[in-house]
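Understanding the architecture of this molecule
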Amino acid sequence: MPNAKCEKCNLLLDDILVKDKHYNRFIKLMKERVVKFAGFPCNITPGIRHNEIVLDNSWICLNNICDGVLYYQPFTPSPKKYKFSLDMI
Ligand SMILES: [Zn+2]
C-alpha cells in the first residue's frame, strides 16, 4: 500500500504505468504539483490526469483516450511493478 486509481476507467497504477517512461512522468508530475503541509504531502493540485501519463500518441485507439484524474488509494495494495509511496515526493 498505497496505490492510485483513475476515477474514469478505474485502472490502478499497475495497469496505467506500463513502461518506465510512464512511471518517470508520473513521479515528475507528482513532484511538480505536490502541496505540502508541515513537510508532509497533503494534496496534488491540479490532479494528475491519465492522459498526462500516457500521452495521446501512445493510445492504440484515439477514441479511448482517458482524461480521468488519478486518486490516491491509501488502502489498496501497492503496484507490483513500480514502487509508489508519498515518501518519494
Ligand atoms: Zn483512465
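Higher on the page you've got the structure.
Residues numbered from 1 in each chain as written. Predicted model: local features only at pLDDT ≥ 70, side-chain atom pairs only at ≥ 80, totals over all residues.

Within the element layout of this structure, Ile53 appears in helix H3 (residues 50-53). For the pair Ile53 and Ile27, spaced 26 residues apart in sequence, the C-alpha to C-alpha distance is 9.6 Å. (Helix = DSSP H or I, 4+ residues; strand = E, 2+ residues; numbered from the N terminus.)

Right, let's get into the nonpolar core. In this structure, Ala4, Cys6, Leu13, Ile16, Leu17, Phe26, Ile44, Ile48, Ile53, Val54, Leu70 and Phe84 together form the largest nonpolar core, which totals 12 residues. Counting residues per element, the ones that place at least two in this core are strand E1 (3-6) and helix H1 (13-16). If near-sequence neighbours (up to four positions away) are discounted, Ile48 is found in contact with Phe26, Leu29, Met30, Arg33, Ile53, Val69 and Leu70. (Core = buried A, V, L, I, M, F, W, Y, C linked by C-beta atoms within 7 Å. Buried ≥ 20, exposed ≤ 12 C-beta atoms within 10 Å, placed from the backbone. Contact = placed C-beta atoms within 7 Å.)

Going residue by residue along E1, you find Ala4 and Cys6 tucked away on one face and Asn3 and Lys5 left uncovered on the opposite face. Examined bridge by bridge, E1 and strand E4 (residues 70-73) share four bridges and lie antiparallel to one another. From the neighbouring strand, Lys5 faces E4, where its bridge partner is Tyr71. (Pairing = 2+ DSSP bridges.)

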